[in-house]
Structure formats: C-alpha cells, structure tokens
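One-letter residues, chain by chain:
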Amino acid sequence: MVLLPRGLWFRGRFWPCSIGRAGVANRKREGDRATPAGFHRITGLLFRPDRIPCPAPWARPIGPRDLWSDDPEDPDYNRQVRAPHGFSHERLRRGDPLYDLILLTDWNAAAPTPGRGSAIFIHQWRRPGFPTEGCIALSRPDLHRIARRAPPGTPLIVPPAPQQS
C-alpha cells in the first residue's frame, strides 16, 4: 500500500481515501491532526461482530469495553485497553460506523514514545474528502475489500511531506 495524491495504491489500483486534516507530517505529534509519513505495517484487523461478519481469519472482535489509549501520561499509551480506564482514550465501539472495521498500523507501537501520536488506523470515512484526525479513511466497500487482502505485515508507505522553504 502506498499513499499517493490520487489515493491509496494497493493491488494494482487506486482507492480514493481521506487523510488527516493537517495533511502528512514528517514529525507527527499527538493531536496535530496529521497522517504520519513513513514506512508502516498493518498489524491487525478489528471488527464489530454485532454489525458485520468476521472479515478475515486474523480479525479480532471489538467488545463493548474496548478502548484505545491516547494519553501520553498513560503507561499503556497507544495501546488497546479496556474500560474502565483512568486515562484519556478513544472508544473503539462507536455509535457511528467509522470503526466497524479497523486496520491497525504499527505507528509508534513497538515502544510508544509519549506524545508522538496514537491510534493511526485505516477505517471508514464519514464521506468522500472529509478529513480525519490523522488516520487514513476509505469508503465502506473499499475498506472491506482491502481489509480481506491486507494481512498483518502488509506494508503501508506514506511518503514524506514536501519541505517548506
């Protein structure tokens, strides 16, 4: 997978997508609303079993208490956690369909650096062209097609943003 101006290039075609409101960041920070540049990998697939069937053998269900820590002070920063959780977090089981299917990335995951950014996912968009908080978002049908074909280890390349002079 390669993020290009025309969309996400994967398996020989472009898939229209949205990225962070602030574009691509060469130096990602928590809350900057940018999609981080770099060589990433898909690390997993989460899905809402109450809304969609299991999309792939490697997918894991999202339960009612599943959260994602986005608090740089949390020892579990940028990790999936369970409610109740005493630090700032994002609910994975949302009322809207944006997180019915989530491809997880390895952004800031191995040894998370507090404040470097969290929860960089590939998920469903609100509508075409509507920016994200830093994730990559696709139409529901395209996301489902890609998710079945992008097992853990699939590369995701986000080229660096041009340097401002």
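This one's a predicted model, so the numbers in the text were calculated from it and none came from an experiment.

Novice: Run through the overall build of the chain, naming residues and quoting values.
Specialist: Summing up its helical and strand segments, the chain has 1 helix and 15 strands in all. In terms of overall dimensions, the chain is globule-like: its C-alpha atoms have a radius of gyration of 15 Å, near the 15 Å expected for 165 residues. Restricting to contacts in the chain with at least 6 residues of sequence separation, those with at least 24 account for 62%. Averaging the positions of the 25 positive and the 15 negative side-chain charges in the chain gives two centres separated by 8 Å.

Novice: Give a detailed account of the environment of G12, specifying residues and quantitative values.
Specialist: Note that G12 resides in the loop between β2 (7-10) and β3 (13-15). Its relative accessible area of 54% is what places G12 among the exposed residues. The spacing of G12 and M1 is 11 residues in sequence and 9.6 Å in space, taken between C-alpha atoms.

Novice: Help me get a handle on unusual backbone geometry, residues and values and all.
Specialist: The amide bond that connects A83 to the next residue, P84, takes the cis arrangement and shows omega of -5 degrees. Inspection of the secondary structure assignment puts P84 in the loop between β10 (80-82) and β11 (89-91). The phi dihedral of R33 is positive, around 60 degrees, even though this residue is not glycine. Secondary-structure assignment places R33 in the loop between β5 (24-25) and β6 (35-36).

Novice: Requested: an account of the packing of aromatic side chains, with residues and values cited.
Specialist: Counted by the stated rule, this structure contains 3 aromatic pairs. Between the aromatic rings of W68 and F121, the centroid separation amounts to 5.1 Å while the plane-to-plane angle is 90 degrees, which identifies the pairing as edge-to-face. Of this pair, W68 sits in strand β9 (residues 66-69) while F121 sits in strand β13 (residues 121-124), and the two are 53 residues apart along the sequence. On the basis of relative accessibility, which here comes to 10%, the residue W68 falls in the buried class. We classify F121 as buried; its relative accessible area is 2%.

Novice: Residue-level account of the pairing of strand β7 (residues 38-47), with values.
Specialist: The pairing of β7 with strand β15 (residues 155-158) spans 4 bridges and is antiparallel. Across the sheet, residue H40 finds its bridge partner in β15, namely L156. Of the pairings in the sheet, the one linking β7 to strand β12 (residues 101-105) comprises 5 bridges and is antiparallel in character. Of the residues in β12, the one forming a bridge with F47 is L101.

Novice: I'd like a rundown of the nonpolar core, residues and numbers included.
Specialist: General note: in soluble globular proteins, nonpolar side chains tend to be found buried as a group. Membership of the largest hydrophobic core comes to 23 residues, with the highest contact counts inside it found for M1, L8, L103, I122, L138 and I146. Leave out the neighbours within four places in its chain, and L138 touches L8, W15, P16, C17, I122, H123, Q124, W125, L143 and I146. By size, the runner-up hydrophobic cluster in this structure holds 11 residues, among which are L46, L92, A119 and C135.

Novice: Describe the pairing of β12, naming the residues involved and giving the relevant values.
Specialist: Within β12, 5 of the 5 residues are buried, which leaves the element mostly enclosed by the surrounding structure. Taken together, the 2 bridges between β12 and β13 define a ladder with antiparallel strand orientation. Within the sheet, the bridge partner assigned to L103 lies in β13 and is I122.

Novice: Let's hear about the environment of I157: which residues, and what values?
Specialist: Looking at where I157 falls in the secondary structure, it is placed in strand β15. According to the relative accessible area criterion, I157 is partly exposed, its value standing at 32%. Put simply, I157 and R41 are 116 residues apart on the chain and 8.2 Å apart in space, counted from C-alpha to C-alpha. When sequence neighbours within four positions are dropped, the list of residues in contact with I157 reads M1, V2, L3, G38 and F39.

The rules behind the values
- Starting from 1, residues in each chain are numbered consecutively following that chain's sequence as written.
- The model is predicted, so local features are restricted to residues of pLDDT at least 70 and side-chain atom pairs to those at 80 or more, both for listing and for counting; the totals for chains, interfaces and linings are taken over all residues.
- Water and hydrogen atoms were dropped before computing side-chain values, which therefore reflect all heavy atoms in the structure.
- The secondary structure listing takes helices from DSSP runs of H or I that are at least 4 residues long and strands from runs of E that are at least 2 residues long, numbered from the N terminus.
- Throughout, the radius of gyration refers to the C-alpha atoms, and the reference size of a globule is 2.2 Å times the residue count to the power 0.38.
- It only takes one pair of heavy atoms within 4.5 Å for two residues to be counted as in contact.
- Counted charges follow a simple rule, with Lys and Arg positive, Asp and Glu negative, and His plus the chain ends left uncounted.
- Taken as the charge location is NZ of Lys, CZ of Arg, CG of Asp or CD of Glu.
- Whether a residue is buried, partly exposed or exposed follows from its accessible area with a 1.4 Å probe, protein chains only, as a fraction of its type maximum: under 20%, in between, or over 50%, in that order.
- Here is the rule: rings of Phe, Tyr and Trp (six-membered ring for Trp) pair when centre to centre is within 6.5 Å. Planes less than 30 degrees apart are stacked, more than 60 are edge-to-face, and the remainder are tilted.
- Any two strands between which DSSP finds at least two bridges are classified as paired.
- To form a nonpolar core, buried Ala, Val, Leu, Ile, Met, Phe, Trp, Tyr and Cys residues must be joined to one another through side-chain atoms within 4.5 Å.

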